[in-house]
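Residue strings, one per chain:
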Amino acid sequence: MIGPRSVRLTGWGMYAPERVLSNADLEKLVDTSDEWIRSRTGIRERRMAAPHETTATMAAVAGKRAVAVAGLQPDDIDLILVATLTPDYWMPATAALVKEAIGNSRAAAFDVMAACSGFVYAYATADAYVRSGMYRHVLVAGSELLTRFLDFSDRNTCILFGDGAGAVVVSASDQEGGGAAGFELTTDPDGAYMVWLPSGGSRSPPSAETISRGEHYVRMEGKETYRYATKTLATSALTAIKRAGWDPDEVDLYIPHQANMRIIEAVAKGLNLPMDKMFVNLDRYGNTSAASVGIALAEAVDGGRVQVGDKVVLVAFGAGFTSGAVAIEWTADPILGRRADSVEPVASVRAPVNWDSVDPIPPRLRELLEADAGPHVPLEDVVPGEPPQGDGHRADAKREVPA
Ligand code: COA
């Protein structure tokens, strides 16, 4: 196999569910306050998937958008990677469902599980496949439906996370240069039980008892995780930057995992960088785990924060503990992001035969939704709309989109 001249990021896209879960909503469920959440995390609101949505449907919408932006047809994709810790099922892989939903008939498809670092791990995997010459176009989607794995009576965790999906296409190029210039991936099992979900696996299969103990929900040691995050985000980014042969202050934009504003501020301080080099959108989405870097990347490019030739660093940390960074020289015209506008936010995922899921919404959230005083549209009837975009979105609105 002969590898390509370069491996480039050619498409990007995102999807966020319509329903906003505000801090005020959470005040109704746990002993917390908007003021506490905003000052300790920076989060104002997060999204919550509707009952008919799943990790696969969200990944498929973001994925179709990324494929359109890359100027490809679904069948041009050779491999589909879905990074998630909230798959539709334990098996099959969510990527298999996404393959059909995006209209692809020929790709290999599997999931990547590295928790919140999943997007960066999957990106590195995609790059390696393309660089080796084995595949030309790989779709990477990070997608999470965390609101179904949270204990909405635990104020330590339920305020942090939200739902959504981000995707990119990683492609072989016949042109020299550009694309990923340096990677770093690390795993530190000391953190294995700092962010974890105890039951459902082979160590503790699901049973009435595990459920009565609430072991099917995310657990977290916040302080330890915070300490690890600030350190590893900085060291992972620095290592990837060094491998690219760059200096930290040469980087035009850092796109960190969107977990906590204070973590991102600490990383900026540690690297001696101004905050305007850090892309932040966690105020609107919370922590969407493996989706967060993909969503942030799509919003950064569509919001005019990335130009051809820019040096961009994606960096993440997560359960495991895992951590990863990729230093990318940007090559795609940001205006191509407008091609995603033609992709409707709907996806059809194959349903099982002779089987129905129970109501997927956690009971406490269901009560909240039913008590909602706002204009009442049953969630099942909502056609999810376009997510609102950040400041400066479509900054180049007057330019023509190349065919
Ligand atoms: N609302 C109000 N009070 C809360 C609260 C909430 N949602 N959550 C915790 N508290 C309370 C605590 O019970 C504690 O009270 P006490 O002093 O009476 O015991 C107090 O606030 C301080 O808690 P502490 O844990 O010290 O807060 P913190 O400043 O460390 O912030 C996190 C907590 C979770 C926001 C922070 O530790 C964090 O972001 N950690 C990293 C988590 C993360 O990124 N996880 C994802 C990994 S990918």
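Everything numeric here is computed off the predicted structure, so don't read it as measured data. (Residues numbered from 1 in each chain as written. Predicted model: local features only at pLDDT ≥ 70, side-chain atom pairs only at ≥ 80, totals over all residues.)

Some thoughts on the site of the ligand
Inclusion rule: To decide nearness, the C-beta atom of each residue is placed from the backbone, and the residue is near a molecule or strand if that atom lies within 6 Å of it. Helix and strand assignments come from DSSP, with helices taken as H or I runs of at least 4 residues and strands as E runs of at least 2, each series counted from the N terminus.
Around the ligand, a shell composed of 20 residues is seen, among which T32, C116, G222, Y226 and A259 lie nearest. When contributions to the shell around the ligand are tallied by element, the ones reaching two or more residues are α2 (34-41) and α7 (222-244).

Here's the deal with helix α10 (residues 292-302)
Operational definition: With C-beta atoms placed from the backbone, a residue counts as buried when 20 or more other C-beta atoms lie within 10 Å of its own, as exposed when 12 or fewer do, and as partly exposed for counts between those limits.
The buried fraction of α10 amounts to 11 of the 11 residues, a majority that puts the element mostly inside the structure. When α10 is considered as a whole, its buried residues turn out to be S292, V293, G294, I295, A296, L297, A298, E299, A300, V301 and D302. Once α10 ends, the next one or two residues include G304, with phi positive near 80 degrees.

Digging into the sheet that holds strand β5 (residues 108-112)
Which entries qualify depends on this criterion: Strand pairing requires that DSSP identify at least two bridges connecting the strands. Fitted lines through C-alpha atoms serve as axes, helices being fitted only where they are in contact, and the angles separating the N-to-C directions of these axes extend from 0 to 180 degrees. What counts as a contact here is a pair of residues whose C-beta atoms, placed from the backbone, lie within 7 Å.
Read across the sheet, 5 strands follow the order β1-β7-β6-β4-β5 without closing on themselves; strand pairing throughout is mixed. On the outer flanks of this sheet lie β1 (6-15) and β5, each paired with one strand and no other. For this sheet the average axis-to-axis angle between neighbouring strands, irrespective of direction, equals 20 degrees. Of the strand pairs in this sheet, strand β6 (residues 137-145) and strand β7 (residues 163-173) are connected by 9 bridges, and their pairing is antiparallel. Looking at the pairing, L139 lines up with V169 of β7. Packed on one face of the sheet, helix α5 (residues 118-132) meets β1, β4 (79-83), β5, β6 and β7 and runs near 165 degrees to β6.

Focus on unusual backbone geometry
Of the consecutive residues M91 and P92, the connecting peptide bond is found in the cis state with omega at 5 degrees. Note that P92 resides in the loop between β4 and α4 (94-101). Cis geometry is adopted by the peptide bond preceding F321, which originates at G320 and carries an omega value of -20 degrees. Within the element layout of this structure, F321 appears in the loop between β12 (311-318) and β13 (322-329). One non-glycine residue with positive phi stands out, namely N354, at about 60 degrees. Here N354 shows up in the loop between β13 and α11 (363-371). By C-beta crowding, N354 is classed as exposed, having 4 other C-beta atoms within 10 Å.

As for the pairing of strand β11 (residues 253-256)
Taking every second residue as pointing to the same face, both faces of β11 are buried, with L253 and I255 on one and Y254 and P256 on the other. Pairing analysis gives 4 bridges linking β11 to β12, with the strands arranged parallel. Paired with P256 across the bridge in β12 is V315.

Looking at the packing of helix α3 (residues 55-69) against α4
Put simply, the rule reads: Under this scheme an angle from 65 to 115 degrees is roughly perpendicular, one under 35 degrees roughly parallel, and one over 145 degrees roughly antiparallel; angles in between are oblique. Note on convention: the crossing is left-handed when the near helix lies turned anticlockwise from the far helix by less than a right angle, right-handed when the turn is clockwise. When residues are sorted by character, Ala, Val, Leu, Ile, Met, Phe, Trp, Tyr, Cys and Pro go into the nonpolar class, Asp, Glu, Lys and Arg into the charged class, and all the rest, Gly among them, into the polar class.
As a packed pair, α3 and α4 sit with axes 9 Å apart at the nearest point and diverge in direction by 50 degrees. Judged on the interaxial angle alone, α4 and α3 are oblique. Pair α3 / α4 crosses with right-handed handedness. Contacts between α3 and α4 involve T55, A56, T57, A59, A60 and G63 from the first element and T94, L97, V98 and A101 from the second. In terms of residue class, the contact of α3 with α4 is made up of 6 nonpolar, 4 polar and no charged.

Description of the packing of α7 against helix α8 (residues 261-270)
It is the contact of α7 with α8, at a shortest axis distance of 9 Å, that shows an interaxial angle of 40 degrees. With respect to their mutual orientation, α7 and α8 come out oblique. With respect to the hand of their crossing, α7 and α8 are arranged in right-handed fashion. Where α7 abuts α8, its residues Y226, A229, T230, L233 and A234 lie against I263, A266, V267 and G270.

Quick look at the sheet that holds β12
Pairing is mixed in the open sheet, where 4 strands are placed in the order β8-β13-β12-β11. The strands lining the two open edges of the sheet, one partner per strand, are β8 (179-187) and β11. Ignoring strand direction, the axes of neighbouring strands in this sheet form an average angle of 10 degrees. Examined bridge by bridge, β8 and β13 share 8 bridges and lie antiparallel to one another. From the neighbouring strand, A180 faces β13, where its bridge partner is I328.

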